[in-house]
Amino acid sequence: MRPYFQKMPGLGKPLKENRIARMRESRAAIEAVEAEIAAAKKAVEEVGIPAAKINERGSLTVWQRLERLVDAGTWHPLHSLYNPNDNEEGTTNVVDGLGKICGRWAVIIGFDNKVLAGAWIPGQAENILRVTNLARRLHIPLVWLVNCSGVKLPDQEKFYADRRGSGTTFFRHAELEQEGIAVLAGIYGTNPAGGGYQSISPTILLAHKDANIAVGGAGIVSGMSPRGGFDVEGLEELIAKTRDIKERPPGRVDIHYDETGFFARVYDEETGVLDGIKEYMRALPAYDPMFFRVAEPAEPQFPAVDLYHLLPFNQKSDYSFDEILARLVDGSEHMEFRPDYGPEVYTGLVKIDGMLVGAIGNRQGLLPKGYPEYADYPGIGGKLYRQGLIKMNEFVTHCGRDRIPLVWFQDTSGIDVGDIAEKAELLGLGQALIYSIQSTDVPMMLVVLRKGSAAAHYIMGGPTANRHNAFTLGTATTEIYVMHGETAAVASYARRAVKDKDSGKPLEPLAQKMNEMAQKYYDTSRPAYCARHGFVDEVVRLKELRGYLKAFAGAVYQNPKSICPRHQMLLPRIIKG
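Rules of the game
Residues numbered from 1 in each chain as written. Predicted model: local features only at pLDDT ≥ 70, side-chain atom pairs only at ≥ 80, totals over all residues. Heavy atoms only, no water. Helix = DSSP H or I, 4+ residues; strand = E, 2+ residues; numbered from the N terminus. Rg over C-alpha atoms; globule rule 2.2 N^0.38 Å. Buried < 20%, exposed > 50% of the residue type's maximum accessible area, 1.4 Å probe, protein only. Contact = heavy atoms within 4.5 Å. Areas by Shrake-Rupley, 256 points an atom, 1.4 Å probe, with all protein chains shown as cover. Pairing = 2+ DSSP bridges. Axes fitted to C-alpha atoms, helices over the stretch in contact; angles between N-to-C directions. Phe/Tyr/Trp six-rings, centres within 6.5 Å; stacked < 30°, edge-to-face > 60°. Expected span 1.5 Å × (residues − 1). Polar contact = N/O pair within 3.5 Å; in protein donor to acceptor, adjacent residues only side chain to side chain. Domains from an automatic or database assignment. Buried area = accessible area lost by both parts, 1.4 Å probe. Salt bridge = Lys/Arg side-chain N within 4 Å of Asp/Glu carboxyl O. Nonpolar A, V, L, I, M, F, W, Y, C, P; charged D, E, K, R; others polar.

Student: Could you clarify how one ought to interpret the overall build of the chain in this entry?
Tutor: Helix and strand counts for the chain stand at 23 helices and 19 strands. Against the globule reference of 25 Å for 577 residues, the chain gives a C-alpha radius of gyration of 26 Å, in line with a compact fold. For the chain, the C-alpha atoms occupy an extent of roughly 85 × 75 × 45 Å along the three principal directions. Burial status across the chain gives 53% buried among its 577 residues. A separation threshold of at least 6 residues defines the contact pool for the chain, and within that pool the share at least 24 residues apart is 77%. When the accessible surface of the chain is summed, it comes to about 26200 Å², and 54% of that surface belongs to carbon and sulfur atoms.

Student: Explain the sheet that holds strand S9 (residues 265-267) to me, please; I cannot follow it from the model alone.
Tutor: The strands making up a sheet associate through hydrogen bonds between their backbones, and the pairing can be parallel or antiparallel. With respect to topology, seven strands assemble into an open sheet ordered S1-S2-S3-S4-S5-S7-S9, the strand pairing being mixed. Two strands lie at the open edges of the sheet, namely strand S1 (76-78) and S9, each paired on one side alone. Across this sheet, the average inter-strand angle for adjacent strands is 20°, counted without regard to direction. In this sheet, strand S7 (residues 204-208) lies alongside strand S5 (residues 183-187) in parallel orientation, the contact comprising four bridges. If you follow Gly 186 over to S7, its bridge partner there is Leu 206.

Student: Would you take a moment to explain the packing of aromatic side chains for this structure?
Tutor: Aromatic ring pairs are described here by two measures, namely the spacing of the ring centres and the angle between the planes. For the structure on display, the rule yields 14 aromatic pairs. Where Phe 321 meets Tyr 346, the ring centres are 5.7 Å apart and the plane angle is 50°; that geometry is what we call tilted. Residue Phe 321 is located in helix H14 (residues 321-326), and its partner Tyr 346 is located in strand S11 (residues 345-352); the two are separated by 25 residues in the primary sequence. Like Phe 321, the residue Tyr 346 is buried in the burial classification. Ring plane angle 55° and centroid distance 6.0 Å describe the contact between Tyr 529 and Phe 535, whose orientation is recorded as tilted. Given the relative accessible area of 22%, Tyr 529 is considered partly exposed.

Student: Can you help me understand helix H15 (residues 386-402) in this one?
Tutor: Because each turn of an α-helix spans 3.6 residues, side chains separated by three or four positions end up pointing in the same direction. Between its terminal C-alpha atoms H15 stretches 25 Å, which fits the 24 Å expected from 17 residues at 1.5 Å a residue. Counting buried residues in H15 gives 12 out of 17 residues, a clear majority hidden from the surface. Where H15 is concerned, the buried positions are Gln 387, Gly 388, Leu 389, Ile 390, Lys 391, Met 392, Asn 393, Phe 395, Val 396, Cys 399, Gly 400 and Asp 402. Arg 403 sits one or two residues past H15 and shows a positive phi near 60°.

Student: Help me understand the side chain of Ser 525 in this model?
Tutor: You can see Ser 525 is positioned in the loop between helix H20 (508-523) and helix H21 (527-532). Residue Ser 525 is classed as buried on the basis of its relative accessible area of 0%. Reaching out from Ser 525, the side chain makes a polar contact with the backbone oxygen of Tyr 521 at a distance of 3.0 Å. Setting aside its immediate chain neighbours within four residues, Ser 525 contacts Thr 478, Glu 479, Ile 480, Tyr 481 and Cys 530.

Student: How do you make sense of helix H7 (residues 168-178) when you look at a structure like this?
Tutor: Looking only at H7, the buried set comprises Thr 168, Thr 169, Phe 170, His 173 and Leu 176. Residues of H7 that are buried in the fold lie against helix H6 (124-138), strand S4 (142-146), S5 and helix H8 (194-200). Looking one or two residues past H7, Gly 180 carries a phi angle of roughly 80°, positive in sign.

Student: Sorry, what's going on with the domain arrangement of the chain here?
Tutor: Reports often express the size of an interface as the amount of accessible area lost when the parts come together. Under the domain assignment, the chain is made up of domain 1 (56-218 + 228-281), domain 2 (289-478 + 536-572) and domain 3 (483-524). The distance between the C-alpha centroids of domain 1 and domain 2 comes to 36 Å. Taken together, the contact between domain 1 and domain 2 spans 17 residues of the former and 21 residues of the latter. Counting each side, the surface lost to burial between domain 1 and domain 2 is near 1800 Å², with a carbon and sulfur contribution of 55%. Its largest share of buried area at the contact with domain 2, domain 1 owes to Trp 105, Arg 137 and His 139, together 37% of the area lost on that side. At the junction of domain 1 and domain 2, the tally comes to three salt bridges. In this structure, Arg 137 engages Asp 441 in a salt bridge whose closest nitrogen and oxygen atoms are separated by 3.3 Å. If you look at where domain 1 meets domain 2, you find 10 residue pairs in polar contact (both at pLDDT 80 or more). Secondary-structure elements contributing two or more residues to the side of domain 1 that touches domain 2 are S1, strand S3 (104-111) and H6. When residues in the side of domain 1 that touches domain 2 are grouped by element, the largest group, five residues, is from H6. Among the residues making up the side of domain 1 that touches domain 2, the classes are represented as eight nonpolar, four polar and five charged.

Student: Can you help me understand the pattern of salt bridges in this one?
Tutor: Pairs can form between side chains of opposite charge whenever their charged atoms are close. According to the stated counting rule, one finds 36 salt bridges in the structure shown. Residues Arg 136 and Glu 179 are paired through a salt bridge, measuring 2.9 Å at the closest nitrogen-oxygen approach. Of the two residues, Arg 136 is situated in helix H6 and Glu 179 in the loop between H7 and S5; the sequence distance between them amounts to 43 residues. Judged by relative accessible area, which is 24%, Glu 179 ranks as partly exposed. Residue Arg 327 pairs with Asp 306 through a salt bridge whose shortest N-O separation is 3.0 Å. In this pair, Arg 327 is assigned in the loop between H14 and strand S10 (335-336) and Asp 306 in the loop between helix H12 (270-282) and helix H13 (307-310), connecting sequence segments 21 residues apart. A residue is classified by how much of its surface remains accessible, and Arg 327, at 1% relative accessible area, is buried. Of the residues examined, Asp 306 reaches a relative accessible area of 7% and is grouped as buried. In this structure, a network of salt bridges that share partners links the residues Glu 88, Glu 89, Lys 152, Asp 155 and Lys 158.

Structure below.
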């Protein structure tokens with residue numbers, strides 16, 4: 001199959017100076033949002049006790065541990081701004097992302113020991129669930145940096161219980177292990193109660209000499225026999241017990257290394273734990289990338305900075321998706337699937353770091369005359385019509401058959417509507433695409449370039465495809481909503497406007513309500529809002545997009561659950577004809 005992949009057809013062309021000049025204001029707007037996102041991420045990193053104070057106590061921060069553990073230049077953070085419960089801490093108290101350890105990709109997560117000694121807080125359980133799902137979908141190791149003081153007791157009712165509560169993590173760890181996915185844990189500090197299970201549920205436990213893990217910590221053990229209420233005498237007894245247990249807390253190294261043997265290794269230095277994780281990572285199964293590379297890795301023919309001149313900040317301006325793709329894929333090469341069918345959608349095979357990936361994206365602008373073929377109105381890019389839906393169904397199905405991972409690029413205003421569209425079976429074809437995705441069992445990721453709206457957001461590889469969508473990225477131009485705010489206002493108030501007009505009521509108050517609704521939609525669809533509430537897993541700079549694509553491809557092909565030999569693939573042959 002070398003002739004198919006080694007040199008694929010070219011994609012894209014150099015930017016002209018007038019395009020760069022015309023997009024100068026748009027680029028400035030994009031970079032301003034990127035700067036705001038970067039500042040918000042930095043603020044999250046700096047919450048809690050200052051790093052210098054943690055270091056004075058003889059410990060490293062989670063950020064310093066990550067810097068030591070992860071191969072330089074491979075850290076791709078996720079969920080940096082995730083805080084769905086609007087915690088006062090401004091974080092879910094875990095830091096996670098994709099990174100290489102000794103040349104092998106892993107999903108890495110650690111408790112922020114600067115905040116409440118790494119306690120459980122609201123939103124954290126959902127964050128961890130996303131992380132364990134990511135390791136499962138990519139079939140790569142999950143690496144924990146455990147430093148968890150247990151529950152933030154004043155808020156326990158907000159996250160402890162329920163089907164997706166904090167204990168869910170331990171079932172997910174068991175699920176990963178049953179599927180052959182190792183969970184490695186470097187353990188620091190005091191880890192009682194939930195922190196103890198956070199420490200014991202992984203596969204391999206590597207501990208610092210001062211670490212402990214226990215069903216109950218010093219505070220819990222001291223108060224195990226309450227007499228009902230509190231008085232001075234009782235407090236004196238509590239103080240004595242607490243002092244004694246604080247000096248020799250439950251679950252010390254001499255218990256869980258010498259007695260139970262739960263700790264595989266114990267290290268005198270914090271950095272030793274990280275070096276131990278590296279050693280175990282080298283022992284885990286992983287294919288050399290060359291096994292799956294269909295060609296030598298190559299940079300795009302055009303610079304990433306071009307993306308700022310190609311993707312308009314103004315949602316109403318169109319652009320060429322093909323030119324965007326040309327700045328992201330190896331050699332700016334591709335093999336397009338059915339280019340003359342369903343023109344509102346791009347489908348094709350591309351290479352990322354030398355490995356084969358399927359790409360699907362919305363094309364923009366006016367579509368060819370006479371399209372869609374079932375209607376007497378013109379087709380507009382970003383909207384999905386009958387042919388486009390059929391084409392995506394076919395392409396996804398073929399990718400599933402050939403075990404090719406998929407990257408979706410969304411900029412969609414939804415699916416065509418009205419009786420004509422219903423007769424064209426668009427509702428059924430949309431659900432058919434969901435069924436096709438669910439049938440593939442290949443990892444997928446999504447980039448919401450601009451609009452992710454209506455049911456099109458679901459069916460085009462959206463995060464609602466939980467078993468398949470590994471993660472979703474947003475950009476400075478991302479908007480996610482059920483429909484545009486002005487459209488929503490019309491849908492909500494059109495009949496009311498008719499009634500008010502017919503009854504002689506003034507229309508100004510209604511117009512004000514509609515403007516307020518449109519503004520609310522705008523405010524709750526901004527990139528930072530989407531990241532905080534988990535609509536996207538990370539908002540990234542345009543120039544960082546290719547790095548995440550490479551991380552995705554590298555992780556997918558590191559230890560896949562199934563393989564289609566390249567000489568037995570059908571999709572490239574179907575494209576060639």
